[in-house]
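# Geometric and topological summary
Chain residues, written in single-letter form:
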Amino acid sequence: MDCSLLRTLVSRYCAGEENWVDSRTIYVGHREPPPGAEAYIPQRFPDNRIVSSKYTFWNFIPKNLFEQFRRIANFYFLIIFLVQLIIDTPTSPVTSGLPLLFVITVTAIKQGYEDWLRHKADNAINQCPVHFIQHGKLVRKQSRKLRVGDIVMVKEDEKFPCDLIFLSSSRGDGTCFVTTTSLDGESSHKTYYAVQDTKAFHNEQEIDALHATIECEQPQPDLYKFVGRINVYHDRNEPIARPLGSENLLLRGATLKNTEKIFGVAIYTGMETKMALNYQSKSQKRSAVEKSMNVFLVVYLCILVSKALINTVLKYAWQSEPFRDEPWYNQKTEPEKKRNLFLQAFTDFLAFMVLFNYIIPVSMYVTVEMQKFLGSYFIAWDEEMFDEGTGEGPLVNTSDLNEELGQIEYVFTDKTGTLTENNMEFVECCIEGHVYIPHVICNGQILHDCTGIDMIDSSPGGSGKEREELFFRAICLCHTVQVKDDDSIDGLKKNQVPRRPCIYISSSPDEVALVEGIQRLGYTYLRLKDNYMEILNRENNIEKFELLEVFSFDSVRRRMSVIVKSSAGDIFLFCKGADSSIFPRVKEGKIEQVRSRVQRNAVEGLRTLCVAYKKLTAEEYSNVQKLLQSAKLALQERDKKLAEVYEKIERDFILLGATAVEDRLQEKAADTIEALQKAGIKVWVLTGDKMETAAATCYACKLFRRNTQILELTTKKIEEQSLHDVLFDLNKTVIRQNGSLTRDTFSGLSSDTQDYGLIIDGAALSLIMKPRHDGSSGNYREIFLNICRNCTAVLCCRMAPLQKAQIVKLIKLSKEHPITLAIGDGANDVSMILEAHVGIGIIGREGRQAARNSDYAIPKFKHLKKMLLVHGHFYYIRISELVQYFFYKNVCFIFPQFLYQFFCGFSQQTLYDTAYLTLYNISFTSLPILVYGLMEQHVSADTLKREPSLYRDVAKNALLRWRTFIYWTFLGVFDALVFFFGAYLLLDNTVVTSNGQVFGTWTFGTVVFTVLVFTVTFKLAIDTHYWTWINHFVIWGSLVFYIVFSLLWGGIIWPFLNYQRMYYVFMQMLSSGPAWLGIILLITVSLLPDALKKVLCRELWPTATERIQKASRHCREHISEFTPLACLKSPRYRSSDCSNSPARRTNWCFLCANLLSRNTL
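Note on numbering: residues in each chain are counted from 1, in written sequence order. Confidence filtering applies because this is a predicted model: local features only for residues at pLDDT of at least 70, side-chain atom pairs given and counted only at 80 or more, and all residues used for totals across whole chains, interfaces and linings. The side-chain numbers reported here are obtained from all heavy atoms of the structure, hydrogens and water having been left aside.

### Regarding the overall build of the protein chain
Under the DSSP-based scheme used, a helix requires at least four consecutive residues in state H or I and a strand at least two consecutive residues in state E, with every element numbered from the N terminus. Counting secondary structure elements, the protein chain contains 40 helices and 36 strands. Put simply, the protein chain has 1161 residues, and 55% of those count as buried. Two residues form a contact once any of their heavy atoms are found within 4.5 Å. Relative to all contacts within the protein chain whose residues are 6 or more apart in sequence, the contacts with residues 24 or more apart total 73%. Within the structure as shown, the protein chain displays about 51,500 Å² of accessible surface, and the carbon and sulfur contribution to it stands at 56%. Only protein chains enter the accessibility calculation, which uses a 1.4 Å probe. A residue is then buried if its area is under 20% of the maximum for its type, exposed if over 50%, and partly exposed in between. Accessible surface is estimated by sampling points in the Shrake-Rupley manner with a 1.4 Å probe; for residues, cover comes only from the protein chains shown.

Next comes the structure, spelled out in structure tokens:
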């Protein structure tokens, strides 16, 4: 055994694998290697369970409580509740304990339900049946029970349950076709190849007899990279070793297509599969508003501590005189006299903390939770965001981030299936300067299925005709398209074969579009059988070509080639690729005519490819075959050696022509991107597609414009120059242009500076992110970020899923800390969706992984416009007012209590009755602000869609900045001073009742409280722009409820109370005329400064939003769809230009449309 282990190590070293230390060995079918072959070292691997849930049954309560009490507010209220339990405080522990319990319980139920849904989805995946081979028979068991080494059978249209090495297929050539939509977002078919020595095994018995081991790398997340080898044992002979690459690896989540069944051996299972490694754990996301709330909370906590400290110090300073410390009517007991002074002072400090703790009410967090939860239904109910084609509407997976939709600064979007429909259509081809269009308009008639319409000059003749046929043959032969095996064409007559509708599948939708387009021009690709490609020409004759070699497409070469042999014995090398890759390798042909047509099509946003060929002699092909064979057998640097061989072979071409294919954008995708840029949002496209394809789409969707200067940071550039030089050159370019002008980094468009667009690929990004030996990688990142800041748009191509997340994280953690949004439709987008502040999934044809893992889901990309510019704008306006208003009304509420201590000897006497303390935030003032937070529309939804620039008015958390926060706080302090001292002056030593009685302490507190309730309610009414009957009901209803409650509370002797201090107090106050006059006067004085400030600011320094509001008041209906915002600034714009028709109601949802009866802006 020891000798066999030594032999294995020596063989690996001799094979040049001395650096291969991080590997695993898998025993196929769990069969040990033959004795003496190699050491049997059993290894432990995880099972095949997928876990996306956050909690378990056992850790839910402690883990959830820990997460909730990490919030400053929850922890604060817990401490206050415990203080009330421990010491004698002026208020009951119930006033803090019940609201806290309610918040914790509601939040726990909500998060528990969301995690239960994730458990349910995981169980559905883990319990799905899988077929595997055991003792030569097919056995079925649950997916979670799969182990590494099991041989699995997968049937057509089934998903692979784990990462498999492809052993054999029902297809005779040992291939299978797979769609990887849930992995890389591509819905096209890809071809995979079985191991050469096992592809002939077609049944369970033959597969079960396989004796082999697999050595491969440990799990890593790169979807496109895999290195391994398989050792196949035959009797006691030396094993046959075959290299394994990504073409042999079937990934979990991919779907088998156009193949009856395959057999594979499991090598990565469960959370070690590449799909799982590309998923990031779903962390708790917190909005900028919530972070601001926490900061404000800390400020108010400091204010609270300061108040308590000041009162404690002043209390003992005031009691320093004996007659004040121990008056005759309140003698101290012996235990009180013996108490430690410092302990007594600390107890008093805590009592003052409890007395003033209402400055931070727990009801604010309850109201915020309710506002977010109820407000999220407005998105789900929005009929304009419902897609009739798919029958899908928007989904809200979390309501915690509603207001974050109004703060987005960067949008990171996928391309395929998000911006585009992923539906390619052949537009035209250009052969020797002649243009061929399958469907053209002639005299107003659409001509279908024409066999080549020349749009430039007369049809070619002579050698031109030969080149035309070669071009059509090249398109029919140079591809990896497969024909769906619906039926066989063997034995069919010629008149049955022509124009037979073929179902083509390929890894590239471009190739399918080209083959289908050429079919409409007279040449039909039939199939590949026994390594012969069959095509049907215009004369309905079947031509056969032997497929000798395929040079696959790669992003560096940007071309693919095939070598075929005709029935006449001629050997052709056909090549198609990007114009930049083909033109330098062409020696003859009508280059300028074709180049001109290619440039024209590129300007129109079409995807172009050039086609060329050359003829090979038998001797030349023999040399080519030797070079290729040598490169393919290399285990080290195989890709590099193949690339060198391709470079030698693919040259001296004869140019045939070019093709143009259109990948249609989704409806209104360009309009949406333009609106987002006008709103000051920067849009980045992150895609796994090649650069040319992605760039064409960016031009089509107006991400790049005609005057945009494109900067490239790609592998090709870095090969020509070093990364250091490329970065510094690009940085110098953008700084030189914008050095004298400060680009608005928050604006997506600029008229004063040159617009730049940056293109970067995945390999270049890896170099930028890779730490250097001197540890200075951060410098490259900063330079890269500086370049990006000065670009209006960025395209990242050839991105792996984790690289997309890296880009988002890089921008998110930059020094500006911008708010990011990621949107995509495939599982390859899940990582960036989870990484961004807000993740949006497209409910598309490429699975539900993105929608399920996102915060929100929408049917189409165009719905992003309304979600951000309307819903996000409204959500932010509402909750920012809600937060500021809550702090304001509680400053108004508790500051008079602080002032009152100066007049009661700092005795911790409450100014308000206990009922008022408890119900102020729960009943008297809670509903109006909640309804405001749900219904407020400061301008109409149509205006927000028409004028995206209004989004900038609320950008950068504008309504929760320190200046605004301080203004609201000082406004609350001013109003509190008016309440307290106004009532004090009114009632001080004054006989105000008809029987000569003077108002007492509780009457004084009731007057202050009455002025307080009416003032804060009227303040909200003044700030309300969108009035409905619901607003009227809750605002005026709250005031009526306060009056009715006070009459009942003070008009009845309640038997369950041990005190009756409020009996007849409210009625006595209402019976006094001076009290009525004083209340009205104090309310007016309190509201006057804020009202004057609003009027002056609107008249002298109006914002764009306020100009819209002013125009809306002059106009009975919404502003015309064609009235730009600039017109509102013009003095010539008058209300007389508006018609008098009634305003059109904003379509929020069908429920609110029935509830709302009046709309006044």
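### Things to note about a nonpolar patch on the surface
Each patch is built from residues lacking any salt bridge and having more than 30% relative accessible area; the joining distance is 9 Å for like charges and 5 Å for nonpolar side chains (Val, Leu, Ile, Met, Phe, Trp, Tyr). One speaks of a salt bridge when a side-chain nitrogen belonging to Lys or Arg is within 4 Å of a carboxyl oxygen belonging to Asp or Glu. The grouping of Phe75, Ile79, Leu82, Leu85 and Ile86 at the surface amounts to a nonpolar patch, some 490 Å² of accessible area in total. If you trace the backbone, Leu85 turns up in helix α3 (residues 72–86).

### Quick notes on the environment of Glu549
Note that Glu549 resides in strand β24 (residues 542–551). Each C-alpha atom, one on Glu549 and one on Gln625, is 8.5 Å from the other, the two residues being 76 residues apart in sequence.

### Some thoughts on helix α12 (residues 363–375)
Taking 1.5 Å of rise per residue, 13 residues should cover 18 Å, and α12 covers 17 Å from first to last C-alpha, within 8% of that figure. Where α12 is concerned, the buried positions are Ser363, Met364, Tyr365, Val366, Thr367, Val368, Glu369, Gln371, Lys372 and Gly375. In this analysis, the expected span of each helix is defined as 1.5 Å times one less than the number of residues it contains.

### So, the nonpolar core
Residues belong to a common nonpolar core when they are buried Ala, Val, Leu, Ile, Met, Phe, Trp, Tyr or Cys residues joined through side-chain atoms within 4.5 Å. Of all hydrophobic cores here, the largest spans 94 residues; its most connected members are Tyr912, Phe1009 and Leu1012. Among the elements that line this core, the one with the most residues is helix α29 (residues 863–900), at 17 residues. Ranked by size, the runner-up nonpolar core spans 52 residues in total, among them Ile379, Ala1021, Trp1027 and Ile1035.

### Details of the packing of aromatic side chains
Stacked, tilted and edge-to-face are the three classes assigned to paired rings of Phe, Tyr and Trp, where Trp is represented by its six-membered ring and a pair needs centres within 6.5 Å; plane angles under 30 degrees give stacked, over 60 edge-to-face, the rest tilted. Going through the model one piece at a time under the given rule, you end up with 54 aromatic pairs. Ring geometry for Tyr113 and Trp116: centres 6.1 Å apart, planes at 25 degrees, overall stacked. Taken together, the positions of Tyr113 and Trp116, both in helix α4 (residues 94–126) and three residues apart, correspond to about one turn of that helix. What links up through ring pairs into an aromatic cluster is the set Phe893, Tyr912, Tyr916, Tyr920, Phe924, Phe1009, Phe1041, Tyr1042 and Phe1045. Should the NZ of a Lys or the CZ of an Arg lie within 6 Å of a ring centre and within 35 degrees of the ring normal, that charge is described as sitting over the ring. For Lys307, the ring lying beneath its charged end belongs to Phe356, and the centroid distance is 6.0 Å. In this structure, Arg595 is placed above the aromatic ring of Phe583, and the distance from its NZ or CZ to the ring centre is 4.5 Å.

### Focus: unusual backbone geometry
One non-glycine residue, Asp652, adopts positive backbone phi at about 60 degrees. Here Asp652 shows up in the loop between α19 (638–649) and β29 (653–665). On the accessibility criterion, Asp652 (44% relative accessible area) is partly exposed. Phi at Lys702 takes a positive value of approximately 70 degrees, unusual for a residue other than glycine. With respect to the helices and strands, the residue Lys702 is situated in the loop between α21 (691–700) and β31 (709–713).

### Focus: the pattern of salt bridges
When charged atoms on two side chains of opposite charge get close, those side chains can pair. All chains considered together, the criterion is met by 37 salt bridges. With a closest N to O distance of 3.2 Å, Glu403 and Lys372 form a salt bridge. One end of the pair, Glu403, is in the loop between β14 (395–396) and β15 (410–413); the other, Lys372, is in helix α12, with 31 residues separating them in the sequence. In this pair, the class of Glu403 matches that of Lys372, namely buried. One salt bridge in this structure joins Glu543 and Arg473, with 2.8 Å as the shortest N-O distance. In this pair, Glu543 is assigned in strand β24 and Arg473 in helix α14 (residues 463–477), connecting sequence segments 70 residues apart. Of the two residues, Glu543 and Arg473, neither departs from the other in class, the shared state being buried.

### Some words on the packing of α12 against α29
To define axes, lines are fitted to C-alpha atoms, for helices over the stretch in contact only, and angles between the resulting N-to-C directions are given on a 0 to 180 degree scale. As a packed pair, α12 and α29 sit with axes 11 Å apart at the nearest point and diverge in direction by 165 degrees. Considering the angle they form, α12 stands roughly antiparallel to α29. Crossing hand, α12 versus α29: right-handed. On α29, the residues that touch Ser363, Met364, Thr367, Val368, Gln371, Lys372 and Gly375 of α12 are Tyr875, Arg878, Ile879, Leu882, Val883, Phe886 and Phe887. To sort the angles, those under 35 degrees are grouped as roughly parallel, those over 145 as roughly antiparallel, those from 65 to 115 as roughly perpendicular, and the leftovers as oblique. The sense of a crossing depends on the near helix, which, turned anticlockwise from the far helix by less than a right angle, makes the crossing left-handed and, turned clockwise, makes it right-handed.

### Points about the sheet that holds strand β3 (residues 137–142)
A pair of strands is treated as paired once DSSP finds two or more bridges between them. Taken in spatial order, the six strands line up as β3-β2-β4-β13-β5-β11 in an open sheet, and their pairing is antiparallel. In this open sheet, the two edge strands, each paired with only one partner strand, are β3 and β11 (249–250). Pairing of strand β2 (residues 129–134) with strand β4 (residues 151–155) involves two bridges; the strand directions are antiparallel. Its bridge partner being in β4, Phe132 is matched across the sheet by Val152.

### Some points on the UniProt feature "active site" (unreviewed entry) in the protein chain
Taken from the UniProt record, the annotation "active site" (unreviewed entry) applies to Asp414. Mapping Asp414 onto the fold places it in the loop between β15 and β16 (420–431). Relative accessible area serves as the criterion here: at 3%, Asp414 is assigned to the buried category. Once residues lying within four places of it in the same chain are set aside, the contact partners of Asp414 are Leu419, Leu686, Thr687, Lys804, Ile823, Gly824, Asp825, Asp829 and Met832. UniProt positions are given in the numbering used here, feature names are shortened, and annotations may be inferred rather than shown by experiment.

### Brief notes about the pairing of β24
Bridge count between strand β23 (residues 532–536) and β24: five bridges; the pairing is antiparallel. Within β24, the position partnered with Glu534 by the bridge is Lys544. What sits between the antiparallel neighbours β23 and β24 is a turn of five residues, in which Asn540 has the positive phi angle 65 degrees. In the sheet, β24 pairs with strand β25 (residues 559–566) via six bridges, with the strands oriented antiparallel. When the bridges of β25 are listed, Val550 appears paired with Val562.

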